[in-house]
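This is what each chain is made of:
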Amino acid sequence: MLPDRLERLIELLSRLPGVGEKTAQRFAMFFVTESQEYARELGLALQELGATVKRCQRCGNIAQVGEDGRALCPVCLDPRRDGKLLCIVARVQDLLAIEKSASMRGRYFVLGRLLSPLDGVGPDELPLEDLFRIVAEDAVKEVILATPPSVDGEATALLLARELAGKGLQVSRIASGVPHGGDLEFADQITLGRAIDGRRSMDGKRS
Amino acid sequence: MTALIRFSNVTVSAFRNLSRIDFEPAPGLNVISGDNGQGKTSLLEALYFVAVTRSFRADKLESLIQQGQKFASVRARVLDGEHGREQRATLGHKERAVLLDGKKPERLATYATRTPAVVFHPGDMELVNANAAARRKLLDRIALYLDPSSGDARLSYTRALKERKVALDVRGPSARELAPFEQLMAEHGVRFARARAEAATRLLGALAPAFQRMAQPGLQLVTKYRPGGSLDVAEFVGELSSRRLRDSRQRAASYGPQRDEIQLLIDGRSARHHASQGQQRILTLALKVAELECIRDARRAHPVLLLDDVSSELDPARTGAVYDFLRETQSQVFVTTTRPELFPTPGASKLERADWQLVSGALSEL
Ligand SMILES: Nc1ncnc2c1ncn2[C@@H]1O[C@H](COP(=O)(O)OP(=O)(O)OP(=O)(O)O)[C@@H](O)[C@H]1O
Ligand SMILES: [Mg+2]
Ligand SMILES: [Zn+2]
C-alpha cells in the first residue's frame, strides 16, 4: 500500500534500538507530512557522520576523525592519562558511564562483545590480538576488568584474567556492587566509583 | 508469630469461563462444588494468579483470558496478619500488569512473593509418578523463601551450564573457554545447591509425619535426598574439568544440582513405579502439606491452600484424614469437588466453613 521508498525507510528506522514498527511508521510519516527541511538536515548529518565520527582506532571509544585522518578519542589523546593502567569494558556505554564517575585515571579498551558460546562468541571472536598489541605498545602494568556482573561478563573477565596474568600483568576485577546481572550503564556514579576503587586482585583464579 | 493470610473481597473478570465473580470467602474452609466443566479449577487458578501472577496448569498464560476478551483480571483484598493490602493482577495478550495498593511495585518478584499460596492439582501427581524434575522444582520453590537470592543463583548456574555445553559441543573438551564457565557453574551452583539442600532437609523432615497421618496405617515411607553436585567450589570445579570428555560424549553435564534427586520409597519400593494410584495421591498430598509447612516456617505466615479435586481415587478413610488436616490447619483453604457430600463438617460456623456452587462460571453461596 505504501510506496516502496517509504516502506524501505520504515524498515531502516525500525532497526534503531528501542524503535518498533509503529514508532518507525510514525517517524516516517513525520518526514513525509511535516518537515522536508528537517529530513534534509538529518540526512546530511547521517551522511557526514561516517566520515567524521568513527570508533577510536586504539580503544574502540567514539572518536572524531582528526585532520590527519586518524580516529583517536579524547581519552587516548589526553596526555595526562596513565597509559600503564588499562580498563577493559564490554561496550562504549560502559566506558562513558565510568568516565562520568571520574574514577578512572588510565585508558580503556572496548571489547565490543562478551564470551558466550551460546551466542557464537568463543575466545577467537574476542579482539584479543588488538588488546595484547595495546598492552605491549603502552607497556601496560595494571588491568582493571570492568565487564558486567552477568555470567558472560564474569566468564569474559575470568578468561582475560588468565591470559593477561600469564603476561605478568597485575589484574583486578571491579568490586561487585553494580546491580547483579545488570548493566554498568545503569549503576549510579557513586556505586561505580566505589566498584573501581574497591577492585579485587585476580590472579587468574578466584579465592 | 505466624501471620494469618486471608483472601477477602475477591473479584474475577474475564478469566477463563468466569465472566464476572464477586465473592467474600470464609476465612477458614471454602468448599467449591460443581459439575465437570463449570469453572472450579478456573476459580482456584484465578486466586493463584492474583497471588503469584502465574498459573499452575497453563503453559501459555494467554489461555487464561476469556475467549473474545482483551484482558483477564483478578482483584483481591489480602489480610496479612495485622496488615491488609489490595492486590490486582491483569493479563493482556502481550503483557502482565500488577498493582499493590494501587501502585506498581518495583519488580514483579516483589509482588509475586508477597502472598504465599500452595496449590494441589491433579498435574502435581508428577511429583511422585514422574522423573525428578518436578521434585527439584518443588525444592526450588521452597528455597526461594529460605534464601531469596537462590533464584538468581539458579538462573546464573543454568546459563553457565548451557554455555559450557555449547562450548563442549562446538569446540570439544580442550576449549579454553571451558574453565571460566566451569568456575562460574561451581560458584553459582554451590550457592543454589546450598539453598536446595536446606529445602530438602526441611521438606523431607515435614513429609514423614504428614504422610503418616494421612496414609493407610502401617505403610513405611523412606525418603532420600541425593545431591548431584558438591557444596565445595574447588571440588565442584575439579569434578567438572575431569568429566569433560564424558560430558561431551553424553552431551549433558553429569555433575551438578541439575541432577539432584529425591527418592521416595513406600515399603521399600519406588513409589513412582510400584505405589498404587491412591497411595501416590496421598504421598503427593503429603508433599504439599510439607511444602505448606516449610513455606509457613520460612515466611512466618500461613500460606493460602488451594486444593483441586483432592478426593478422587481416595477411599473414605483417606478422605477423612485429609479433611481432618483441613479442619485443623490455620491456613485459609479453597477446595473444589464434584461431591460435596464427602466433606461433612458438622457444627462448623460461617467463619469456619462456607459452601459455594459453580454453574457455568457463576458462583452462588449454598
Ligand atoms: N480462555 C477461556 N475462555 C472461555 N472459557 C474457557 C477458557 N479456558 C477454559 N474455558 C472453559 O472453562 C470451563 C471450565 O473449566 P474448568 O477447568 O475450570 O472446569 P472444572 O469445573 O474444574 O471442571 P472439572 O470438574 O472437569 O475439573 C471449561 O468448559 C473450559 O472449556
Ligand atoms: Mg477441574
Ligand atoms: Zn580511544
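The rules behind each value
The numbers attached to residues start from 1 for each chain and follow its sequence in the written order. Going through the entries in the order they are written, you letter the chains from A and number the ligands from 1. Thresholds applied to this predicted model are a pLDDT of at least 70 for local features of residues and 80 or more for the giving and counting of side-chain atom pairs; totals over whole chains, interfaces and linings are not thresholded and use all residues. In this description, strands pair whenever DSSP reports at least two bridges between them. Numbering goes from the N terminus for both helices and strands, where a helix is a DSSP run of H or I of at least four residues and a strand is a run of E of at least two. Note on terminology: a nonpolar core is a set of buried residues of type Ala, Val, Leu, Ile, Met, Phe, Trp, Tyr or Cys, with members joined through C-beta atoms within 7 Å. As a rule, residues whose C-beta atom has 12 or fewer other C-beta atoms within 10 Å are exposed, those with 20 or more are buried, and those in between are partly exposed; C-beta atoms are placed from the backbone. In this description, any two residues whose backbone-derived C-beta atoms lie within 7 Å of each other are considered to be in contact. Angles here are taken between N-to-C directions and fall from 0 to 180 degrees, while the axes themselves are lines fitted to C-alpha atoms, restricted in helices to the stretch in contact. Note that the term roughly parallel is reserved for angles under 35 degrees, roughly antiparallel for angles over 145, roughly perpendicular for angles of 65 to 115, and oblique for everything else. For any pair of crossing helices, the crossing counts as left-handed if the nearer helix is rotated counterclockwise from the farther one by less than a right angle, and right-handed if it is rotated clockwise. Under the scheme applied here, ten amino acids are nonpolar (Ala, Val, Leu, Ile, Met, Phe, Trp, Tyr, Cys and Pro), four are charged (Asp, Glu, Lys and Arg), and all others, including Gly, are polar. Any residue whose backbone-placed C-beta atom lies within 6 Å of a molecule or strand is treated as near that molecule or strand. A domain assignment, automatic or from a database, supplies the domain bounds used here.

**Describing the sheet that holds strand β8 (residues 221–226) of chain B**
Two modes of strand pairing occur in sheets, parallel and antiparallel, and in both the strands are linked by backbone hydrogen bonds.
Residue and element names in this part refer to chain B.
Next, step 1: One open sheet holds the 3 strands; their spatial order is β8-β9-β10, and the pairing between them is antiparallel. Only two strands of the sheet have a single neighbouring strand rather than two, namely β8 and β10 (269–270).
Next, step 2: Sheet analysis places strand β9 (residues 261–266) next to β10, joined by 2 bridges and oriented antiparallel. Within β10, the residue paired with leucine 265 across the bridge is serine 270.

**Re the nonpolar core**
Next, step 1: Core analysis: the biggest nonpolar cluster contains 142 residues, and Ile88, Val89 and Leu145 of chain A together with Leu47, Ala286 and Leu306 of chain B have the highest contact counts within it.
Next, step 2: When residues of this core are assigned to their parent elements, the largest contribution, 17 residues, is made by helix α6 (residues 178–214) of chain B.
Next, step 3: Sequence-distant contacts of leucine 47 of chain B, defined by excluding residues within four places in its chain, comprise Phe7, Leu306 and Phe334 of chain B.

**What to know about the environment of arginine 176 of chain B**
Residues and elements named next belong to chain B.
Next, step 1: For arginine 176, the location among the structural elements is in the loop between α5 (150–171) and α6.
Next, step 2: Judged by C-beta crowding, with 14 C-beta atoms within 10 Å, arginine 176 ranks as partly exposed.
Next, step 3: Distance in space between the C-alpha atoms of arginine 176 and lysine 137 is 33 Å, their sequence separation being 39 residues.

**Here we look at the packing of α6 of chain B against helix α10 (residues 277–299) of chain B**
Residue and element names in this part refer to chain B.
Next, step 1: Put simply, α6 and α10 touch, their axes get as near as 8 Å, and they point 130° apart. Here α6 lies oblique to α10, going by the angle between them. Viewed along their axes, α6 and α10 form a crossing whose handedness is right-handed. Only Ile282, Leu283, Leu285, Ala286, Leu287, Val289, Ala290, Glu291, Glu293 and Cys294 of α10 make contact with α6, whose side of the interface consists of Ala199, Arg202, Leu203, Ala206, Leu207, Ala210, Phe211 and Met214.
Next, step 2: Its residues assigned to classes, the contact of α6 with α10 shows 15 nonpolar, no polar and 3 charged.

**Some details on the interface of chain A and chain B**
Next, step 1: Counting residues at the interface gives 14 residues for chain A, matched by 16 residues for chain B.
Next, step 2: The residue makeup of the side of chain A that touches chain B, split by class, is 8 nonpolar, 4 polar and 2 charged.

**Brief notes about the site of ligand 1**
Next, step 1: Taken together, 16 residues surround ligand 1, and among them Asn17, Asn36, Lys40, Thr41 and Ser42 of chain B come closest.
Next, step 2: For the shell around ligand 1, the class distribution of residues is 1 nonpolar, 12 polar and 3 charged.

**Thoughts on the sheet that holds strand β5 (residues 142–145) of chain A**
All names here are of chain A.
Next, step 1: Read from one edge of the open sheet, 5 strands run β4-β3-β5-β6-β7, paired in mixed fashion. Bordering the open sheet on either side are β4 (106–110) and β7 (200–201), each of which pairs with just one other strand.
Next, step 2: Two strands pair when backbone bridges link them, and β5 and strand β6 (residues 170–173) are joined in this way by 4 bridges, in the parallel orientation. If you follow glutamate 142 over to β6, its bridge partner there is glutamine 170.

**A word on the domain arrangement of chain A**
By a widely used convention, the size of an interface equals the accessible area lost when the partners come together.
Next, step 1: You can read the domains of chain A as domain 1 (4–50) and domain 2 (80–201).
Next, step 2: Of note, the centres of domain 1 of chain A and domain 2 of chain A, computed from C-alpha atoms alone, are 35 Å apart.

**Structural notes on the pairing of strand β4 (residues 72–80) of chain B**
Residues and elements named next belong to chain B.
Next, step 1: As paired strands, strand β1 (residues 3–15) and β4 are joined by 8 bridges and run antiparallel to one another. When the sheet's bridge partners are listed, valine 10 is paired in β4 with alanine 76.
Next, step 2: Alignment of β4 against strand β5 (residues 83–91), held across 9 bridges, turns out to be antiparallel. In the sheet register, leucine 79 faces β5, and the bridge partner there is glycine 84.
Next, step 3: Counted between consecutive antiparallel strands, the loop separating β4 from β5 contains 2 residues, among which glycine 81 sits at a positive phi close to 60°.

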